[in-house]
Amino acid sequence: MSGFTAAGISPTTITTTQQAPLGFQLTVPDGDNGNKVFTYVKAATEIAAGLACAKGEVADASGYGAVLLATSAMADSRYVGVAQDTIASGSYGFVLTRGKGNAKVNSTSAASDELVVHSSGGELDDAGAGASNGPIGNVLGTAITGGQTGAVYLNFAG
């Protein structure tokens, strides 16, 4: 995978030292699936592969430098993306903000179902009638069993 950048950084790069500006977006071609957009963040807590994250909101560590697990109680504009590789607490890495990837769902979600951020830390869920936050993607291909990771299309505010 190569992106539209001369920075020499890959969307799978995870380090304990900062390699790019926080919030930097890397665009990567994905063949017939269009482009993927990844956002560079620093994890305030471990963000396991498949989990959604959001910008931090505390006085001394906010924005992309304090990314934490997303919950449905947050404003949609805080959501950044889904980790495709685990980012350890205090480490830097990319999360998928837009494009085809993998995400963990809380309950079984059928193919083509819209997804929202669930109340559990970082999981996505079927956008049922009671959803309090907006859709950020949909299930691709086949259904994803609850508690599992599967193919999705994502479109976060970033």
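Here, the structure is the one placed above.
Quick caveat: nothing in here was measured; it's all calculated off a predicted structure. For every chain, the first residue of its written sequence is number 1, and the numbers climb from 1 along that sequence. Given that this is a predicted model, residues contribute local features only at a pLDDT of at least 70 and side-chain atom pairs are listed and counted only at 80 or more, while totals for whole chains, interfaces and linings are drawn from all residues. Side-chain descriptors were evaluated using all non-hydrogen atoms of the structure, hydrogens and water having been removed beforehand.

A. View of the overall build of the protein. Numbering of helices and strands runs from the N terminus, with a helix taken as a DSSP run of H or I at least four residues long and a strand as a DSSP run of E at least two residues long. Within the protein, the regular secondary structure consists of zero helices and 10 strands. Reading the helices (α) and strands (β) of the protein from amino to carboxyl end gives β-β-β-β-β-β-β-β-β-β. The reference for a compact globule is 2.2 Å times residues^0.38; the radius of gyration itself is calculated from the C-alpha atoms. Here the protein has a C-alpha radius of gyration of 15 Å; the compact-globule value for 158 residues is 15 Å, and the two agree. Accessible area is worked out with a 1.4 Å probe on protein chains only. A residue is then buried under 20% of its type maximum, exposed over 50%, and partly exposed in between. Per-residue burial for the protein yields a buried fraction of 42% across its 158 residues. His residues and chain termini do not enter the charge count, which takes Lys and Arg as positive and Asp and Glu as negative. A charge is said to be at NZ when it belongs to Lys, at CZ for Arg, at CG for Asp and at CD for Glu. Separation of charge centres in the protein, based on 7 positive and 12 negative side chains, amounts to 7 Å.

B. Summary view of the environment of G101. Tracing the sequence through the fold places G101 in strand β6 (residues 92-104). Considered as a pair, G101 and A151 are 50 residues apart in the sequence and their alpha carbons are 5.8 Å apart.

C. Layout of the environment of A75. The residue A75 is located in the loop between β4 (61-69) and β5 (79-83) in this model. Along the sequence, A75 and S132 sit 57 residues apart, while their C-alpha atoms lie 9.7 Å from each other.

D. Spotlight on the pairing of strand β2 (residues 35-42). Of all eight residues making up β2, six are buried, and the element is well covered by its neighbours. Whether two strands pair depends on DSSP finding at least two bridges between them. Direction of pairing for strand β1 (residues 25-29) relative to β2: antiparallel, over a ladder of five bridges. Note that in β2 the partner of L26 across the bridge is F38. Hairpin connection, β1 to β2: the antiparallel pair is bridged by five residues, and G31 has positive phi, about 55°. Judged from the six bridges that link them, β2 and β6 form a sheet pairing that is antiparallel. Directly across from V41, in β6, lies its bridge partner G93.

E. Region of the structure containing the nonpolar core. Joining through side-chain atoms within 4.5 Å is the link that ties buried Ala, Val, Leu, Ile, Met, Phe, Trp, Tyr and Cys residues into a set, and such a set is a nonpolar core. Formed by 26 residues in total, the largest nonpolar core has its most connected members in Y79, L124, I136 and L154. Per-element accounting of this core gives the leading share, four residues, to β6. The contact criterion used is simple: two residues touch if any of their non-hydrogen atoms lie within 4.5 Å. When near neighbours in sequence (up to four residues on either side) are disregarded, Y79 contacts C53, A54, A70, T71, S72, M74, V117, N133, I136, F156, A157 and G158.

F. Focus on the packing of aromatic side chains. Pairing of aromatic rings covers Phe, Tyr and Trp, the last counted by its six-membered ring, and requires centre-to-centre distances within 6.5 Å; plane angles under 30 degrees mean stacked, over 60 mean edge-to-face, and any other angle means tilted. Following the criterion strictly, the structure yields three aromatic pairs and no others. These aromatic residues form a ring-pair network of at least three members: F24, Y40, Y92 and F94.

G. Molecular detail of the pairing of strand β10 (residues 149-155). Two elements, β6 and β10, share seven bridges in a ladder whose sense is antiparallel. Considered in β10, the bridge of K104 is made with T149. In this structure, strand β9 (residues 137-139) lies alongside β10, joined through three bridges in antiparallel fashion. Paired with G137 across the bridge in β10 is L154.

H. Structural view of the side chain of T97. Examined against the element boundaries, T97 turns out to sit in strand β6. A relative accessible area of 0% means that T97 is categorised as buried. What qualifies as a polar contact is a pair of N or O atoms within 3.5 Å, subject to a donor-acceptor requirement within protein and to the restriction that residues adjacent in sequence count only when both atoms come from side chains. At a separation of 2.6 Å, a polar atom in the side chain of T97 contacts the side chain of T39.

I. Focus on unusual backbone geometry. Look at S112: it is not a glycine, yet its phi comes out positive at around 75°. By secondary structure assignment, the location of S112 is in the loop between β6 and β7 (114-117).

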